[in-house]
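Structure at a glance
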Amino acid sequence: MPGPSGTTAQSPVLTALRDAEQRRAEAIATRDVDALRNVIATDYYHVETNGRVRTRSEFLQLLARDEFEFRSYAIASMEIQLLDSGRSAVIRGRFQADLQQNGRTREFRGRYVRVWQLQADGWRNTMMQSTEIKPAR
């Protein structure tokens, strides 16, 4: 079945991107800095749900110091759009997480957009933007 990129769901490029997204999600969930270094580009740009911007170094330091507030992280859905003859991709979707703030844990849901580029050493996440999905009141 054709996806948003016009390619089939079984495309090796789409499979590689889904795998890269899953490795990133697992590394976030476990705060695995070394694994994230392998999927995040050196020119990474991270925009948090509160609008704060972090570089790759700042983001990895936050995780290394265990100051990252997500205590679990899982992708709920994703859509992949291939660009630049399959050498770049925009992935958008939803995620679920447990957030630790002020000694309390709460469920956190959000939407994300990530940009990936195929580099000499594989797919690398170059940009990430997320927005919290607030519960209806």
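Please refer to the structure higher up on the page.
Residues numbered from 1 in each chain as written. Predicted model: local features only at pLDDT ≥ 70, side-chain atom pairs only at ≥ 80, totals over all residues. Heavy atoms only, no water.

In terms of nonpolar packing, the biggest core is built from 28 residues, with L17, L36 and Y73 touching the most fellow members. Those elements giving two or more residues to this core turn out to be α1 (12-30), α2 (33-37), β1 (40-47), α3 (56-64), β3 (70-83), β4 (88-101), β5 (104-119) and β6 (122-132). The element contributing the most residues to this core is α1, with 6 residues. Not counting residues up to four positions away in its chain, the partners in contact with L17 are I80, L82, A89, I91, W116 and W123. (Core = buried A, V, L, I, M, F, W, Y, C linked by side-chain atoms within 4.5 Å. Buried < 20%, exposed > 50% of the residue type's maximum accessible area, 1.4 Å probe, protein only. Helix = DSSP H or I, 4+ residues; strand = E, 2+ residues; numbered from the N terminus. Contact = heavy atoms within 4.5 Å.)

Here α1 spans 27 Å end to end across 19 residues, near enough to the 27 Å set by a 1.5 Å rise per residue. Of the residues flanking the end of α1, it is R31, one or two places downstream, whose phi is positive at about 55°. (Expected span 1.5 Å × (residues − 1).)

A word on the packing of aromatic side chains. Scanning all chains against the criterion turns up 3 aromatic pairs. For the pair Y44 and F59, a centre-to-centre distance of 5.8 Å together with 45° between the ring planes defines the contact as tilted. With a gap of 15 residues between them, Y44 in strand β1 and F59 in helix α3 connect regions that are remote in the sequence. F59 carries the same exposure label as Y44, and that label is buried. A ring pair is formed by Y73 and F95, whose centres lie 5.0 Å apart and whose planes are at 20°; its orientation type is stacked. One end of the pair, Y73, is in strand β3; the other, F95, is in strand β4, with 22 residues separating them in the sequence. (Phe/Tyr/Trp six-rings, centres within 6.5 Å; stacked < 30°, edge-to-face > 60°.)

The next point concerns the sheet that holds β6. A sheet is described by the order of its strands in space; here 6 strands give the open sequence β2-β1-β6-β5-β4-β3, paired in mixed fashion. Only two strands of the sheet have a single partner each, and these edge strands are β2 (53-55) and β3. For this sheet, the mean inter-axis angle between neighbouring strands, taken without regard to orientation, is 20°. Of the pairings in the sheet, the one linking β5 to β6 comprises 10 bridges and is antiparallel in character. From the neighbouring strand, Q119 faces β6, where its bridge partner is G122. On the sheet, α3 packs against β1 and β2 and is oriented at approximately 90° with respect to β2. (Pairing = 2+ DSSP bridges. Axes fitted to C-alpha atoms, helices over the stretch in contact; angles between N-to-C directions.)

Our focus in this paragraph is unusual backbone geometry. Of note in the backbone geometry, D84 takes a positive phi value of approximately 50° without being a glycine. The topology assignment puts D84 in the loop between β3 and β4. One non-glycine residue, S85, lies in the positive phi region at around 55°. Mapped onto the secondary structure, S85 falls in the loop between β3 and β4.

Our focus in this paragraph is the pairing of β6. Within β6, 8 of the 11 residues are buried, leaving the element largely enclosed by the surrounding structure. The pairing of β1 with β6 spans 4 bridges and is parallel. In the strand pairing of β6, H46 is matched with M128. The turn joining β5 and β6, which pair antiparallel and follow one another in sequence, is formed by 2 residues.

Scope: geometric values only; no functional claims are made or implied.
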